[in-house]
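Examination of the molecular architecture
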Protein chains: 2
Amino acid sequence: MNKIVECVPNFSEGQDLEKIARIVAPLKNKEHVKLVGVEPDAIYNRTVVTVIGEPEAVKQAIVQAIGIATKEIDLNHHQGEHKRMGATDVVPFIPIRNMSIEETVVLSKECAQLVSDLYDVPVFLYNQSATSPEREKLPNIRKGEFEGMAAKLKDPQWYPDYGKNEIHPTAGVVAIGCRPFLIAYNIDCQTMDKEACAYIAKAIRLTGGGYQCIQAGPAVMADFVQVTMNVTDFTRTSVYRAFEAVKMEAQRFDIKITGSEFIGLVPRACLEDIAAYYLKMRDSQQLATYSLEELSQVVSENLLLRGFSLDKIIEYHV
Amino acid sequence: MNKIVECVPNFSEGQDLEKIARIVAPLKNKEHVKLVGVEPDAIYNRTVVTVIGEPEAVKQAIVQAIGIATKEIDLNHHQGEHKRMGATDVVPFIPIRNMSIEETVVLSKECAQLVSDLYDVPVFLYNQSATSPEREKLPNIRKGEFEGMAAKLKDPQWYPDYGKNEIHPTAGVVAIGCRPFLIAYNIDCQTMDKEACAYIAKAIRLTGGGYQCIQAGPAVMADFVQVTMNVTDFTRTSVYRAFEAVKMEAQRFDIKITGSEFIGLVPRACLEDIAAYYLKMRDSQQLATYSLEELSQVVSENLLLRGFSLDKIIEYHV
């Protein structure tokens with residue numbers, strides 16, 4: 001089987017749809033590259049783009065898109081709710097199939113070198129690609145944002161990993177790196193009680209005594225509160241456990257769970273793992289013959305999924 | 001408030017009840033020492049004794065009991081299902097109130113010194129008191145049992161921490177140490193399917209992707225299988241979570257949960273924490289006015305507790 005990598009660049013433009021179309025154009029109609037999602041957010045003034053495909057092809061296409069974003073977006077005139085430091089703000093590469101973390105780190109460094117060489121945008125390596133512990137977490141790098149970045153780069157501790165210690169005058173700086181695959185999953189609680197949802201989130205996450213592979217917190221939406229989480233390894237902590245544990249903890253507060261949603265892509269194996277529990281199977285072997293539609297239906301019904309469609313499943317695209 | 005320590009010595013005699021009565025006699029009618037449990041097991045040929053009280057008084061009383069066990073029990077004629085290396089096999093001290101791990105380690109070392117000096121029984125310090133990593137776990141120390149211990153002590157790696165490198169001819173050697181407080185808790189599954197219960201145990205324990213402070217495994221009983229567990233810190237992973245998570249995982253196998261039981265002592269705070277969840281309280285503050293009886297009733301009903309009585313609650317005794 002071919003190697004598959006996912007890349008989820010975040011561009012600092014969420015309002016001008018024509019501009020966004022020009023930025024993502026290099027990601028379309030390319031062999032071995034599939035543009036899976038383009039999600040502009042006007043309030044954030046930011047667009048999250050999802051691409052999967054063969055590593056070399058994805059890297060080349062992403063570098064082209066970054067080139068267009070560098071030309072099109074001027075951060076001196078950018079306002080939005082989301083913190084940002086660059087026209088292309090962050091570029092995570094995620095190993096999906098037959099790719100190791102190490103190979104993906106190498107790929108992210110090749111991408112960083114090209115971005116620096118071609119566009120004079122300084123690059124910080126982050127997450128698994130980071131060159132020092134304080135660069136692992138994106139918020140550390142982004143602190144100060146675009147407006148503070150010129151001064152920050154003069155501090156020897158914050159020399160970029162690629163390029164000069166001067167920001168690109170309109171495109172700022174960018175963070176590029178490999179991050180492990182994770183499931184981003186949110187559960188809707190029919191309440192406006194953020195404190196209760198913070199309690200629930202703490203009860204299920206590792207750092208609160210909860211499940212080993214869950215990071216979670218509360219997020220206030222327009223008319224409900226979510227328990228928003230990352231499941232960092234669904235083969236260890238199954239997603240159905242997250243859902244059932246939130247339901248259980250919510251009973252204490254008489255809070256009803258009204259839905260849940262996956263953000264980004266989910267592998268078929270994750271859906272099989274969930275479906276096997278609700279279908280009362282000992283393991284997911286019997287599900288090998290299920291179509292993606294059948295799997296989606298079982299999971300959607302039991303997790304009360306909102307906004308789920310087949311194109312959220314990695315195997316739908318490859 | 002006074003310092004309270006628990007001590008749970010295990011003696012290698014589980015059949016001769018008169019002998020056991022003589023061994024535990026020094027633990028009775030002592031000021032600041034309360035004998036909470038004496039549980040002989042004829043098949044194991046071993047008795048687990050539970051004492052709580054003020055540290056110095058507990059230590060002195062325990063040393064006396066060990067003295068009698070040393071005289072009364074001859075391991076050259078001991079047979080039983082449980083592994084053992086000494087007349088007094090293991091002596092854990094557990095901090096209960098106003099005691100740090102460090103203070104409890106000191107107490108265990110004072111006890112070890114006395115046992116070695118008074119009775120010529122070599123002592124290994126174990127668990128938190130261990131003097132090297134390979135001595136932390138009791139099974140490492142006990143490997144070879146009484147019959148292999150004379151030879152083992154000649155290996156410089158296994159010189160005892162106190163006393164000469166020669167076993168006591170009839171009483172062998174003993175392990176003494178501080179171990180952290182934990183809740184020993186078992187959940188009864190109405191099934192003889194050990195494999196399913198092993199799956200459930202794995203799903204809830206940290207090493208299987210489960211809860212942070214749960215260690216668990218399956219245990220086959222006469223007519224059901226238990227998920228047997230240690231909750232190593234109930235202030236982080238609440239016991240109600242263990243119970244509800246086992247129920248949830250058991251649904252996959254259509255296994256009914258018919259009961260649960262605490263082994264050994266439970267602090268009031270643990271019961272409050274459980275009751276607060278089932279009474280739908282945000283925290284356990286409102287439960288401060290509840291009597292031990294009232295707390296016990298709420299917890300017993302909801303966890304389907306077997307064999308629970310007030311004398312299992314630490315605060316009942318102090």
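Residues numbered from 1 in each chain as written. Chains lettered and ligands numbered in written order. Predicted model: local features only at pLDDT ≥ 70, side-chain atom pairs only at ≥ 80, totals over all residues.

Observations concerning the overall build of chain A
Helices and strands together make up the secondary structure of chain A, namely 10 helices and 11 strands. In summary, chain A has a C-alpha radius of gyration of 20 Å against a globular reference of 20 Å for 318 residues, a match within 12%. When contacts within chain A are restricted to residue pairs at least 6 apart in sequence, long-range pairs at least 24 apart make up 71% of them. (Helix = DSSP H or I, 4+ residues; strand = E, 2+ residues; numbered from the N terminus. Rg over C-alpha atoms; globule rule 2.2 N^0.38 Å. Contact = placed C-beta atoms within 7 Å.)

Some remarks on the sheet that holds strand β10 (residues 225-231) of chain B
Residue and element names in this part refer to chain B. Read across the sheet, four strands follow the order β9-β10-β8-β11 without closing on themselves; strand pairing throughout is antiparallel. Each having just a single partner strand, β9 (214-220) and β11 (257-263) make up the two edges of the open sheet. Between one strand and the next, the sheet's axes are offset by a mean angle of 20°, whatever the strand orientation. (Pairing = 2+ DSSP bridges. Axes fitted to C-alpha atoms, helices over the stretch in contact; angles between N-to-C directions.)

Side note on the environment of Q128 of chain A
Residue and element names in this part refer to chain A. Structurally, Q128 can be placed in the loop between β6 (123-125) and α4 (138-142). A residue is classified by how many C-beta atoms lie within 10 Å of it, and Q128, with 19 of them, is partly exposed. Leaving out residues up to four positions away in the same chain, Q128 has contacts with I101, V105, G177, C178, R179 and P180. (Buried ≥ 20, exposed ≤ 12 C-beta atoms within 10 Å, placed from the backbone.)

Brief notes about helix α1 (residues 17-24) of chain A
Residue and element names in this part refer to chain A. Listed in full, the buried residues belonging to α1 are I20, I23 and V24. Taken around the axis of α1, the buried residues stretch over an arc of 85°, which confines them to a single face. Residues of α1 that are exposed and point more than 90 degrees away from the buried face comprise E18 and A21. (Arc of directions from axis to C-beta.)

Things to note about the relation of the copies chain B and chain A
Its rotation angle being 179°, the transformation that places chain B on chain A also includes 0.0 Å of axial translation and leaves an RMSD of 0.2 Å. The two molecules are tied by a two-fold rotation axis, judged by turn and shift. In terms of C-alpha distance to the rotation axis, chain B has Y211 of chain B as its closest residue, with the C-alpha 2.2 Å off the axis. Of the residues that chain B buries at the interface, 100% are likewise interface residues in chain A, meaning the two copies contact each other through the same surface. (Least-squares fit on C-alpha atoms with pLDDT ≥ 70 in both.)

Some points on helix α6 (residues 194-204) of chain A
All names here are of chain A. Restricting attention to buried positions, one finds in α6 the residues A196, C197, I200, A201, A203 and I204. The arc that holds the buried residues of α6, viewed along the axis, is 160°, so those residues lie on one side. At its buried positions, α6 is contacted by β8 (183-189), β9 (214-220), β10 (225-231) and α7 (239-251).

Examining the domain arrangement of chain A
Residues and elements named next belong to chain A. Partitioning chain A into structural domains gives domain 1 (4-178) and domain 2 (183-317). The distance between the C-alpha centroids of domain 1 and domain 2 comes to 28 Å. Across the contact, six residues belong to domain 1 and five residues belong to domain 2. The set of elements that each furnish at least two residues to the side of domain 1 that touches domain 2 consists of β3 (33-41) and β4 (46-53). (Domains from an automatic or database assignment.)

Concerning the interface of chain B and chain A
The partner chain A presents 14 residues to the 14 residues of chain B that form the contact. Within the side of chain B that touches chain A, the residues separate by chemical class into five nonpolar, four polar and five charged. (Nonpolar A, V, L, I, M, F, W, Y, C, P; charged D, E, K, R; others polar.)

Section: the nonpolar core
Of all hydrophobic cores here, the largest spans 205 residues; its most connected members are V51, V115 and A242 of chain A together with V51, V115 and A242 of chain B. Broken down by element, this core gets its largest block of residues, eight residues, from α7 of chain A. In this structure V51 of chain A touches C7, L27, V33, K34, L35, V36, V58, A61 and I62 of chain A, once residues within four positions along its chain are discounted. (Core = buried A, V, L, I, M, F, W, Y, C linked by C-beta atoms within 7 Å.)

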